[in-house]
2 protein chains.
Amino acid sequence: MLEGKPTRTELSELGEFGLIDLLTKNITLKNKSSVKGVGDDAAVIDYGSKQTLITKDLLIEGVHFDLTYMPLKHLGYKAVVVNLSDVVAMNGTPKQIIVGIGASNRFSIEALEEIYEGIYLACDKYNVDLVGGDTVSSTSGLFISVTAIGEAKKEDIVYRNSAKKGDLLFVSGDLGAAYAGLLLLEREKEVYKADPNMQPDLDGYDYILGRQLKPEARMDVLKLFKDVGVKPTSMIDVSDGLASEMLHLCLDSGLGGAIYEDKIPVDITTAGVAEEFEIDPTTCAMNGGEDYELLFTISQEDFEKLKDTDGITVIGHMTDKNEGVNLISRSGTVVPIEAQGWDAFFKK
Amino acid sequence: MLEGKPTRTELSELGEFGLIDLLTKNITLKNKSSVKGVGDDAAVIDYGSKQTLITKDLLIEGVHFDLTYMPLKHLGYKAVVVNLSDVVAMNGTPKQIIVGIGASNRFSIEALEEIYEGIYLACDKYNVDLVGGDTVSSTSGLFISVTAIGEAKKEDIVYRNSAKKGDLLFVSGDLGAAYAGLLLLEREKEVYKADPNMQPDLDGYDYILGRQLKPEARMDVLKLFKDVGVKPTSMIDVSDGLASEMLHLCLDSGLGGAIYEDKIPVDITTAGVAEEFEIDPTTCAMNGGEDYELLFTISQEDFEKLKDTDGITVIGHMTDKNEGVNLISRSGTVVPIEAQGWDAFFKK
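Quantities reported herein were computed from a predicted structural model and do not represent experimental measurements.

1. A few points about the overall build of chain A
The helix and strand tally for chain A stands at 10 helices and 13 strands. With respect to the principal axes defined by its C-alpha atoms, chain A has extents near 65 × 60 × 35 Å. In chain A, once contacts between residues fewer than 6 apart in sequence are set aside, the share between residues at least 24 apart is 85%.

2. Observations concerning the confidence of the model for chain A
All names here are of chain A. When the pLDDT values of chain A are averaged, the result is 89; 93% of them are 70 or greater. Between residues 1–5, whose pLDDT stays under 50, and residues either more than four places distant or in other chains, the model counts six contacts. For this predicted complex, the interface confidence comes out at an ipTM of 0.85, alongside a pTM of 0.88.

3. Let's talk about the sheet that holds strand β8 (residues 234–237) of chain B
Residue and element names in this part refer to chain B. One open sheet accounts for seven strands, arranged β8-β10-β7-β11-β9-β12-β13; its pairing is mixed. Here the strands that pair on one side only, and so sit at the sheet edges, are β8 and β13 (334–336). Averaged over all pairs of adjacent strands, the angle between strand axes in this sheet comes to 25°, irrespective of strand direction. Bridge count between β8 and strand β10 (residues 294–298): four bridges; the pairing is antiparallel. Along β10, the bridge assignment pairs Met-235 with Phe-296.

4. Quick word on the packing of helix α4 (residues 177–194) of chain A against helix α8 (residues 268–276) of chain A
All names here are of chain A. Contact geometry of α4 with α8 gives a least axis separation of 9 Å together with a crossing angle of 45°. Classified by the angle their axes make, α4 and α8 are oblique. Taken as a pair, α4 and α8 cross one another with a handedness that is left-handed. Note on element contacts: α8 touches α4 through Thr-270, Val-273 and Ala-274, opposite Ala-177, Ala-180, Leu-183 and Leu-184. Split by residue class, the contact of α4 with α8 holds six nonpolar, one polar and no charged.

5. A few points about the environment of Leu-306 of chain A
Residue and element names in this part refer to chain A. Relative to the helices and strands, Leu-306 resides in helix α10 (residues 303–306). According to the C-beta neighbour criterion, Leu-306 is partly exposed, with 18 such atoms within 10 Å. Through-space distance from the C-alpha of Leu-306 to that of Val-228 is 7.5 Å; in sequence the pair is 78 residues apart. Beyond its immediate sequence surroundings of up to four residues, Leu-306 is in contact with Val-228, Val-230, Ile-298 and Ile-312.

6. Here's the deal with unusual backbone geometry
At Asn-91 of chain A, a position not held by glycine, the phi torsion is positive, near 65°. Within the secondary structure layout, Asn-91 of chain A lies in the loop between α2 (72–88) and β4 (93–103). A tally of 24 C-beta atoms within 10 Å means that Asn-91 of chain A is categorised as buried. One non-glycine residue with positive phi stands out, namely Asn-127 of chain B, at about 55°. Note that Asn-127 of chain B resides in the loop between α3 (109–126) and β5 (129–137). A tally of 12 C-beta atoms within 10 Å means that Asn-127 of chain B is categorised as exposed.

7. Quick look at helix α2 (residues 72–88) of chain B
Residue pairs three or four apart in sequence face the same way in an α-helix, which turns once every 3.6 residues. Between its first and last C-alpha atoms α2 of chain B spans 24 Å; for 17 residues at 1.5 Å apiece the expected length is 24 Å, and the two agree. For α2 of chain B, the buried fraction is high: 17 of the 17 residues fall into the buried class.

8. Focus: the sheet that holds strand β3 (residues 51–60) of chain A
The six strands lie next to each other as β5(A)-β4(A)-β6(A)-β3(A)-β2(B)-β1(B), forming an open sheet whose pairing is mixed. A strand with exactly one partner marks an edge of an open sheet, and here the two such strands are β5 (129–137) of chain A together with β1 (34–36) of chain B. Strand-to-strand, the axes of this sheet are offset by a mean angle of 20°, without reference to chain direction. The pairing of β3 of chain A with strand β2 (residues 43–46) of chain B spans four bridges and is classified as antiparallel. For Gln-51 of chain A, the partnering residue across the bridge sits in β2 of chain B and is Asp-46 of chain B. Against the sheet, helix α3 (residues 109–126) of chain A makes contact with β4 and β5 of chain A, and its axis sits at roughly 175° relative to β4 of chain A, the strand it touches most.

9. Comments concerning helix α6 (residues 219–228) of chain A
All names here are of chain A. For α6, the set of buried residues is Val-221, Leu-222 and Phe-225. An end-on view of α6 places all buried positions within 105° of arc, on one side of the element. Set apart from the buried face of α6 by more than 90 degrees, the exposed residues are Asp-220, Lys-223, Lys-226 and Asp-227. Taken together, the buried residues of α6 touch α2, β7 (168–172), β10 (294–298) and β11 (312–319).

10. Description of the domain arrangement of chain A
Residue and element names in this part refer to chain A. Segmenting chain A into domains produces domain 1 (14–156) and domain 2 (168–343). Facing 15 residues of domain 1, the contacting portion of domain 2 comprises 16 residues. Looking at the side of domain 1 that touches domain 2 element by element, the count peaks at nine residues for α2. For the side of domain 1 that touches domain 2, the residue count by class is nine nonpolar, four polar and two charged.

11. Re the nonpolar core
With 209 residues, the main nonpolar core has Val-80 and Met-246 of chain A together with Val-80 of chain B as its most contacted residues. With residues near it in sequence (within four places) discarded, Val-80 of chain B still touches Ile-97, Ile-119, Ala-122, Cys-123 and Val-146 of chain B.

12. Quick word on the pairing of strand β4 (residues 93–103) of chain B
Within a regular strand, side chains alternate between the sheet's two faces. Residues and elements named next belong to chain B. With 11 of 11 residues buried, β4 lies mostly within the body of the structure. Looking at chain direction, β4 and strand β6 (residues 142–152) are connected through 10 bridges and run antiparallel. In the sheet register, Gly-100 faces β6, and the bridge partner there is Ser-145. With eight bridges joining them, β4 and β5 adopt parallel strand pairing. Note that in β5 the partner of Val-99 across the bridge is Gly-133. Since β4 and β5 lie parallel, the crossover through α3 that links them has a hand, and here it is right-handed.

13. Re the packing of α2 of chain A against α3 of chain A
All names here are of chain A. Two elements in contact, α2 and α3, have axes separated by 6 Å at closest approach and are oriented at 40°. Compared by their axis directions, α2 and α3 come out oblique. For the element pair α2 and α3, the recorded crossing hand is right-handed. Touching Leu-72, Lys-73, His-74, Leu-75, Gly-76, Tyr-77, Val-80, Val-81 and Leu-84 of α2 are Ala-111, Glu-114, Ile-115, Tyr-116, Glu-117, Gly-118, Ile-119, Leu-121, Ala-122, Cys-123 and Tyr-126, all from α3.

14. Regarding the environment of Val-128 of chain A
Residues and elements named next belong to chain A. Mapped onto the elements of the fold, Val-128 is located in the loop between α3 and β5. On the neighbour-count criterion, Val-128 (27 C-beta atoms within 10 Å) is buried. Along the chain, Val-128 and Val-80 lie 48 residues apart, while their C-alpha atoms are 9.8 Å from each other. Not counting chain neighbours up to four residues away, the residues in contact with Val-128 comprise Leu-84, Pro-94, Lys-95, Gln-96, Ile-97 and Cys-123.

Parameters and conventions
- Residues numbered from 1 in each chain as written.
- Chains lettered and ligands numbered in written order.
- Predicted model: local features only at pLDDT ≥ 70, side-chain atom pairs only at ≥ 80, totals over all residues.
- Helix = DSSP H or I, 4+ residues; strand = E, 2+ residues; numbered from the N terminus.
- Contact = placed C-beta atoms within 7 Å.
- pLDDT = per-residue confidence, 0-100.
- Pairing = 2+ DSSP bridges.
- Axes fitted to C-alpha atoms, helices over the stretch in contact; angles between N-to-C directions.
- Parallel < 35°, antiparallel > 145°, perpendicular 65-115°, else oblique.
- Left-handed = near helix turned anticlockwise from the far one by under 90°.
- Nonpolar A, V, L, I, M, F, W, Y, C, P; charged D, E, K, R; others polar.
- Buried ≥ 20, exposed ≤ 12 C-beta atoms within 10 Å, placed from the backbone.
- Expected span 1.5 Å × (residues − 1).
- Arc of directions from axis to C-beta.
- Domains from an automatic or database assignment.
- Core = buried A, V, L, I, M, F, W, Y, C linked by C-beta atoms within 7 Å.
- Right-handed = clockwise from strand over helix to strand, strands pointing away.

As structure tokens, then:
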């Protein structure tokens, strides 16, 4: 990834002041609430009468990403988007981010600039201001810590714990594609390691590769809610897989729930790749993660408003707690949904 | 540090849900503005008519701390305090923190609990709510990323860039002690490595060791400002050393400035250790860092209100830009203050 760059400036060639300046000199603040951005002890944000949402996620090399196939610019973009997605999952509008990067001296100034290019691209696309940044040395590898700040009217915020029995369960987009993309990229990496002259064979897989390398936060779904006049009763973004997120909604709301396997939206490319790898496409959707779609519940009376909407799918409903949290298979078998446990922590 | 613990639970023994629960089960939210804490996609904070301050710092093993002599509980405490200090340096009141920890499987559950003990201790002492936490695996070592959120009335916020020519420069407490403490700890580490049976010889050094291992954010100084009715014209906390912070105040305010060497407050223990190590105590103060004292300017007319106050010292003044940023030595020599450059990035 880095070898192709024509120039390489060592981090040590720039002073601390120089690096911060280099990486942040082109910032223009876009949001009125961004009172003070980079350049003081803390950013200053003014939310008047709205409520502030704030979240942070860490991405660590070798755990959450692999630079063999993840371009640095995409990495910067994704690090921002996964955080914005958390704000969106509260029905909020992301407004600011703060970025912290730890990089070993394996990384050049140009490498950091590429990451920041992706960060700024995401800021532009989502109309978000970068209001603080810190780059420190790490003893090994690269990690990115992003904090996202957003706003919402108090009455608009959607929590995880407020689903009601009988509510219908929806998901936006399709699931499992990011994981299918990861499977492909991992395979091509192995092929490349075995024979560096082999060209990667990724034709026709643009969609699922994009889902892995350049995910988006579904702000368009929030707009849809507004347009049709629906407020979900609970919502979460699908970062760890449908199984884990469903458990969050059910456990936090004190309910059980059912997902119908045949309703889970899976793209045809995802299904094809799953078949190639001899993995059940449902497993990709349930446990794959990184789709950043929205999983949400609505009350039954709102069903009419959403039932004909493209791009969202009803996949189940919420039940009494003692019915448990279950996947109803195509054959009608009831399979309890369980936490993936520590696998998620150590995954990849 | 870890060997002394009687039990060791592997991270893999707990599910993800279990760990978050274990580490956050005792939280009680203290601030009215903390609407929603741990347990959703994002924390929810309500600041009504005040402005929000937000900042984040990263602490990385092997770069910012060494677990040979830094107890995990102290590490947790310090990781919080250095962030609160950034809010305080804006004349704001810290209210919430979000914590992200990356830990390799070298660390047990008990180790993470010790870190969190220190985090909660700092939260209690500073009346701050932990409103979000994330623990992920790292491929090697430990790092902690803390985001601090605070509030202030718009008219109370003090920036770095608002000092005026002729303003007087003050610093709270004394400087260089945290660095002197670090020198001692590094020496004892070498002694221990050479002969593990040697007992560390740290008697009489409590003050400077405490400054390194358990720094505090100077909220008491903000109270002092309020009590005497002074608002600083600019302010910054001393995290990277007096030289670096003075450059920030001067460059950001478009001014020059002068610090008088003989006015810089240095504790007698610091001076003694500096002498032992054959380092100029002024160097400890100028370049040592990690003191987390407040460096601030006031207009001359406010001097009467502060001149007899214990625990703050006038050390210089702000000048015209073209006079430069200088240290006036004891002998009267004018020495330009320069950025430490990348040393700070790779220090330790």
